[in-house]
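# Chains, contacts and geometry: an overview
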Amino acid sequence: MRQTLDRLYSGALILAAAAFAAIAALVLVQIIGRLIDRGARALGAVPPGITVPSLAEIGGFLFLSAVFLGLAGTFARGGHVRVSLLTGALPPTIARPLEALVLIIAAGLCAFATWSSWLQAWDSWVYDSVSFGMVRVPLWLPQGVMTFGLVLLCIALIDSLVTVIRGGTPHYAEHEQGEA
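Residues numbered from 1 in each chain as written. Predicted model: local features only at pLDDT ≥ 70, side-chain atom pairs only at ≥ 80, totals over all residues. Heavy atoms only, no water.

Turning to the nonpolar core, a few remarks are in order. Grouped together as the largest cluster of nonpolar side chains are 23 residues, with contacts concentrated most on Y9, F75, L103, C110, L153 and L157. For this core, the secondary structure elements donating two or more residues are α1 (2-42), α2 (55-76), α4 (92-126), α5 (140-165) and α6 (171-179). The greatest single-element share of this core, amounting to 9 residues, is contributed by α5. Sequence-distant contacts of L153, defined by excluding residues within four places in its chain, comprise L71, A72, F75 and C110. (Core = buried A, V, L, I, M, F, W, Y, C linked by side-chain atoms within 4.5 Å. Buried < 20%, exposed > 50% of the residue type's maximum accessible area, 1.4 Å probe, protein only. Helix = DSSP H or I, 4+ residues; strand = E, 2+ residues; numbered from the N terminus. Contact = heavy atoms within 4.5 Å.)

Here it is, written out as structure tokens:
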């Protein structure tokens, strides 16, 4: 089970990196297009008008995808900001229940965010909501990716909670200890 979850988190991180790479590629195409247009004008030629329609909007959707797809993997690898000053100063008999409580609260908040995100994506699907840009993107696509990223984060939080309750060291803490 551990390998399956690690592969799932890693796969989501790879997709997040691909979304960032897609943003960079689209922006690069837009910049090169502008340079070609300027060069054509400087030579007195008609600029070809190379442009990426709805670049800002599509870039925003890709950024949203990258951020939400990266949440679970980043959490599992100890990359989220955690204030462990209190739990580090407490004896393990108190620190472990406190850590479990924090994970319960985080998982509950994440489950609520996931449910809300899913409802929004479902409404966008039912009502055929599309973006306002030149390129009409169905809004359920970025909202669905966001929901998927939140589902993965919920799984990562519950995974860590189960590990803490069983008396083990959560995955994120192993990574934090390895870096210290």
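Now that the structure has been shown, the text picks up again.
Before going further, it helps to spend a moment on the packing of α1 against α5. Remark: α1 packs on α5, axes separated minimally by 11 Å, with the N-to-C direction vectors making an angle of 145 degrees. Taken as a pair, α1 and α5 cross one another with a handedness that is left-handed. Counting all contacts with α1, which are made through R2, L5, L8, Y9 and A12, the residues of α5 involved are L152, I155, A156 and D159. Within the contact of α1 with α5, the residues separate by chemical class into 7 nonpolar, no polar and 2 charged. (Axes fitted to C-alpha atoms, helices over the stretch in contact; angles between N-to-C directions. Left-handed = near helix turned anticlockwise from the far one by under 90°. Nonpolar A, V, L, I, M, F, W, Y, C, P; charged D, E, K, R; others polar.)

Attention shifts here to the packing of α1 against α2. Look at α1 against α2: their axes get within 7 Å of each other, and the N-to-C directions meet at 155 degrees. It follows that α1 is roughly antiparallel to α2 by the angle criterion. For the pair α1 and α2, the sense of crossing is left-handed. Contacts between α1 and α2 involve Y9, A12, L13, L15, A16, A19, F20, A22, I23, L26, V27 and Q30 from the former and L55, I58, G59, L62, F63, A66, L69, G70, A72, G73, T74 and A76 from the latter. Looking at the contact of α1 with α2 residue by residue, the class counts come to 19 nonpolar, 5 polar and no charged. (Parallel < 35°, antiparallel > 145°, perpendicular 65-115°, else oblique.)

Turning our attention to the packing of aromatic side chains. The tally for this structure, following the rule as stated, stands at 5 aromatic pairs. An angle of 50 degrees between the planes, with centres 5.0 Å apart, marks the rings of F75 and Y172 as tilted. Placement of F75 in helix α2 and of Y172 in helix α6 is noted, with a sequence separation of 97 residues between them. Looking at F75, the relative accessible area reads 7%, which means it is buried. The buried category is assigned to Y172, whose relative accessible area is 1%. Relative to W118, the ring of W115 has its centre 5.6 Å away and its plane inclined at 25 degrees; by these criteria the two rings are stacked. (Phe/Tyr/Trp six-rings, centres within 6.5 Å; stacked < 30°, edge-to-face > 60°.)

Next up on the list: α4. For α4, built from 35 residues, the straight-helix expectation of 51 Å at 1.5 Å per residue is met to within 8% by its first-to-last C-alpha distance of 50 Å. Looking at α4, one finds that the buried residues are A95, E99, A100, L103, A107, C110, T114, S117, A121 and S124. Taken from the residues just after α4, D128 is the one with a positive phi, measuring 50 degrees. (Expected span 1.5 Å × (residues − 1).)

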